[in-house]
Amino acid sequence: MYKISTKIKNYFFQGLVYGFGSGFDALIGFLVLPLYATSFSTEEYGIFSILILLSTLSSSFFYLGASSALSRSYFDYDKEKDRRKIVSTSLYITVFGAILQVLFGLLFAENLSQILFDNPNYTNHIFLILISSSLLFINQLFYLLLRLLMRSVQVVSVSIFSSIVFLSLLFIFLKNYNLGILSPILAFNISYGLSTIILVFL
């Protein structure tokens, strides 16, 4: 009875932590809207939306399904050694997919810019946003592993840190450097990159 009660309390605590994290993410999403509205023209916001869509579609293919497989198979094994093998395999597959996506961007960013926008001016934007989305799906694998290990505080702490870094850099780039739609893309790369480093150590 005591063990069941402890588990219930633990799950309740985990739920509260994740709920706080979700609320904070929603707040950040709300705060970036006025920054975009005051800094981007309608055309620029449309271009940025297309870039986000491109990165989402690309990552949905190049993540190679490793995180989905990990969440499905992790608890099929009871031994720590076997679970470590599952995690390692998922990580190798995910990193391989991320490398493929970066190479895809390197080789075809100019062609994609020409196809999507009728000019090559957004080659760097496409390449950089594909890098950021590859970092993101690597991070999502680490987040998943921490969730499986019931380390909700670490998950939410890194996520909040990443969001704060992103929002701060976005504001700096938009207001001080006049980088246009490159501003959020650079902010994505830096915030995700820092998160990757932290998650590797965790």
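Residues numbered from 1 in each chain as written. Predicted model: local features only at pLDDT ≥ 70, side-chain atom pairs only at ≥ 80, totals over all residues. Heavy atoms only, no water.

## A closer look at the packing of aromatic side chains
In step 1: Applying the stated rule across the entire model yields 11 aromatic pairs.
In step 2: Ring geometry for tyrosine 36 against tyrosine 45: centres 6.2 Å apart, planes inclined by 55°, an arrangement best described as tilted.
In step 3: Judged by relative accessible area, which is 7%, tyrosine 36 ranks as buried.
In step 4: By relative accessible area, tyrosine 45 is classed as partly exposed at 38%. (Phe/Tyr/Trp six-rings, centres within 6.5 Å; stacked < 30°, edge-to-face > 60°. Buried < 20%, exposed > 50% of the residue type's maximum accessible area, 1.4 Å probe, protein only.)

## Side note on the packing of helix H5 (residues 123-148) against helix H7 (residues 182-201)
In step 1: Contact geometry of H5 with H7 gives a least axis separation of 9 Å together with a crossing angle of 30°. In terms of their interaxial angle, H5 and H7 are classed as roughly parallel. Classified by chirality, the crossing of H7 by H5 is left-handed. Residues His125, Leu128, Ile129, Ile131, Ser132, Leu135, Leu136, Ile138, Asn139, Phe142, Tyr143 and Leu146 of H5 touch H7, and the partners they reach there are Leu182, Ile185, Leu186, Phe188, Asn189, Tyr192, Gly193, Ser195, Thr196, Leu199 and Val200.
In step 2: Grouping the amino acids of the contact of H5 with H7 by side-chain chemistry returns 16 nonpolar, seven polar and no charged. (Axes fitted to C-alpha atoms, helices over the stretch in contact; angles between N-to-C directions. Helix = DSSP H or I, 4+ residues; strand = E, 2+ residues; numbered from the N terminus. Parallel < 35°, antiparallel > 145°, perpendicular 65-115°, else oblique. Left-handed = near helix turned anticlockwise from the far one by under 90°. Contact = heavy atoms within 4.5 Å. Nonpolar A, V, L, I, M, F, W, Y, C, P; charged D, E, K, R; others polar.)

By themselves, these figures tell us nothing about what the structure is for.
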